[in-house]
Amino acid sequence: MALVACPECGAMVSDKASCCTKCGCPLQGGRLGQPEQRRDAPERVVMVEQPKGNGVGVAGFVLSVLALLFSWAPVAGWLIWLLGFILSLVGMFRRPRGLAVAGFILSIIGILLICIFFGAIVSLAMSD
């Protein structure tokens, strides 16, 4: 006995079965062929769900990378860091989380760099 897929629902049924055990689709003469057209059955529409992305997390990641590159810029680097940090933090509560977590970690590294550069600027200003 071999198993074959029902042409209507895709369930695996015996090749000798006269109808599908899952959806009840009649199979001609115990063999799979075109099922008889049932007029009482509604037409099936299959909806395929598209995987959703995490745009906020991606934006946070990109801004965090930019914050690392521009951490030497006193105001612009800080604003870019702040936006990247906030968007990464918000993105961590949505799925998929991968880039949001990476952006959050880069934001932590970025604030350390900003503190180092800010400390160096203040140190140079105080030495004059």
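You'll find the structure just up there.
Per chain, residues are indexed from 1 in the order of the written sequence. Given that this is a predicted model, residues contribute local features only at a pLDDT of at least 70 and side-chain atom pairs are listed and counted only at 80 or more, while totals for whole chains, interfaces and linings are drawn from all residues. Here the side-chain values reflect all heavy atoms present in the structure, with hydrogen atoms and water set aside.

(A) Focus on the packing of aromatic side chains. Any Phe, Tyr or Trp ring, taking Trp's six-membered ring, that has another such ring centre within 6.5 Å forms a pair; planes under 30 degrees apart are called stacked, those over 60 apart edge-to-face, and the others tilted. Summed over the entire model, instances satisfying the criterion amount to 3 aromatic pairs. Taking the centre distance of 5.5 Å and the plane angle of 75° together, the rings of Trp 78 and Phe 118 count as edge-to-face. Within this pair, whereas Trp 78 is found in helix H2 (residues 76–91), its partner Phe 118 is found in helix H3 (residues 98–127), the two being separated by 40 residues in sequence. With 5.2 Å between their ring centres and 15° between their planes, Trp 81 and Phe 85 make a pair best called stacked. Taken together, the positions of Trp 81 and Phe 85, both in helix H2 and 4 residues apart, correspond to about one turn of that helix. Among the aromatic residues, ring-to-ring pairing joins Trp 81, Phe 85 and Phe 104 into one connected group. Each helix is a run of H or I in the DSSP string that is no shorter than four residues. Each strand is a run of E no shorter than two, and both are numbered from the N terminus.

(B) Focus on the state of the cysteines. Note that a disulfide, as used here, is simply two cysteine sulfur atoms within 2.5 Å. In total, this model carries 0 disulfides according to the counting rule given. The thiol sulfur of Cys 23 is not disulfide-bonded, and the nearest other cysteine sulfur, from Cys 9, lies at 3.7 Å. Burial classification: accessible surface area is computed with a 1.4 Å probe over protein chains only, and a residue below 20% of its type maximum counts as buried, one above 50% as exposed, and the rest as partly exposed. We classify Cys 23 as buried; its relative accessible area is 18%.

(C) Expanded view of the packing of helix H1 (residues 55–69) against H2. In the contact formed by H1 and H2, the axes pass within 7 Å of each other and the chain directions differ by 150°. Relative to H2, the element H1 lies roughly antiparallel. In the crossing of H1 with H2, the sense of the turn from one axis to the other is left-handed. Touching Val 56, Gly 57, Ala 59, Gly 60, Phe 61, Leu 63, Ser 64, Leu 66 and Ala 67 of H1 are Gly 77, Ile 80, Trp 81, Leu 83, Gly 84, Phe 85, Leu 87, Ser 88, Val 90 and Gly 91, all from H2. Each residue is assigned to one of three groups, with Ala, Val, Leu, Ile, Met, Phe, Trp, Tyr, Cys and Pro labelled nonpolar, Asp, Glu, Lys and Arg labelled charged, and all others, Gly among them, labelled polar. By residue class, the composition of the contact of H1 with H2 is 12 nonpolar, 7 polar and no charged. To obtain an axis, a line is fitted to C-alpha atoms, over the contacting stretch when the element is a helix, and the angle between two such axes runs from 0 to 180 degrees between their N-to-C directions. In what follows, roughly perpendicular refers to angles from 65 to 115 degrees, roughly parallel to angles under 35, roughly antiparallel to angles over 145, and oblique to any angle outside these ranges. Left-handed describes a crossing whose near helix is turned anticlockwise from the far helix by less than a right angle; the clockwise case is right-handed. It only takes one pair of heavy atoms within 4.5 Å for two residues to be counted as in contact.

These figures capture arrangement, not role.
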